[in-house]
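Structural overview for review
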Amino acid sequence: MGGESVGDVMPDAAGDTVELMYRPVAADFTAALRARHKVGRLGWLQRWAPYVVGVGFVAWAALFVARGESPPVGWTVGLLLAVAVLLLSPWLTGRQLQRLSDAQGVFRVTVTEGGLTLANDTSSSSLTWAALPRYLETPRLFVLLSADPNATGFTVLPKHGLPDRASVDRLRGILDRNITRC
């Protein structure tokens, strides 16, 4: 990290500050979207829709087979494509978000007891913990979530942006002291 400081969120009295520097990759966004599905109201629907549609498709096809008929090919292909798109949507969206973030360059994030500051080649912003009052941790990243029921707003803090394992633990400590783990 080279000791560079980003933004105007000040460290606490103890000086606990964690800095991340990274280029987001599609897998970061995909993991964040899948994690977000676990807490948002719509997440339940997004998680279970492919299976509900798949079971419905099997039941629909079984009715045709029971009558000795073949299911209509167009409908069969359409339903199979719908299931595939529903299953792949976090991955497809993650790739799309990664392409958008490529133009923003390297991300630099400073996390303190007061909040976080994000900066990249095109913009910067500071957020207090009130903007992102809860978080999830995955093996790959921390996902900071807005308070609304669907977790519409979220910030991704990939662990690969941290310099060492001790920084992962320090970041987790700052988050645990200031916001709620989901």
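Residues numbered from 1 in each chain as written. Predicted model: local features only at pLDDT ≥ 70, side-chain atom pairs only at ≥ 80, totals over all residues. Heavy atoms only, no water.

Going by what an unreviewed UniProt entry lists, the chain is known as YcxB family protein and is assigned to Streptomyces bauhiniae.

This part takes up the overall build of the chain. On a plain count of helices and strands, the chain comes out with four helices and eight strands. Each helix and strand of the chain, placed in order from N terminus to C terminus, yields the pattern β-α-α-α-β-β-β-β-β-β-α-β. Taken across its 182 residues, the chain has 41% of its residues classed as buried. Nonlocal contacts in the chain, meaning residues at least 24 apart in sequence, comprise 59% of its contacts between residues at least 6 apart. Carbon and sulfur atoms make up 63% of the accessible area of the chain, which totals about 9900 Å². (Helix = DSSP H or I, 4+ residues; strand = E, 2+ residues; numbered from the N terminus. Buried < 20%, exposed > 50% of the residue type's maximum accessible area, 1.4 Å probe, protein only. Contact = heavy atoms within 4.5 Å. Areas by Shrake-Rupley, 256 points an atom, 1.4 Å probe, with all protein chains shown as cover.)

Approximately 350 Å³ is the volume found for the largest pocket. Lining the largest pocket are 18 residues, and of these F107, L118, F154, T155 and V156 lie nearest its centre. Those elements that provide at least two residues to the lining of the largest pocket are α1 (26-36), α3 (73-102), β4 (124-128) and β7 (154-158). Looking at the lining of the largest pocket, the element that brings in the most residues is β7, giving four residues. (1 Å grid on protein atoms, 1.4 Å probe; cavity = no way out; pocket = protein on both sides within 12 Å on 5 of 7 lines; lining within 4 Å. Points joined across faces, edges and corners; volume = space filled by probe spheres on them.)

This paragraph deals with the UniProt feature "transmembrane region" (unreviewed entry) in the chain. As recorded in UniProt, the sites labelled "transmembrane region" (unreviewed entry) are residues 48-66 and 72-92. End-to-end, the C-alpha atoms of residues 48-66 are 27 Å apart, and along that stretch the chain is 100% helix and 0% strand. With 95% helix and 0% strand, residues 72-92 has its two end C-alpha atoms placed 28 Å apart. (UniProt positions renumbered as here; feature names shortened; annotations may be inferred.)

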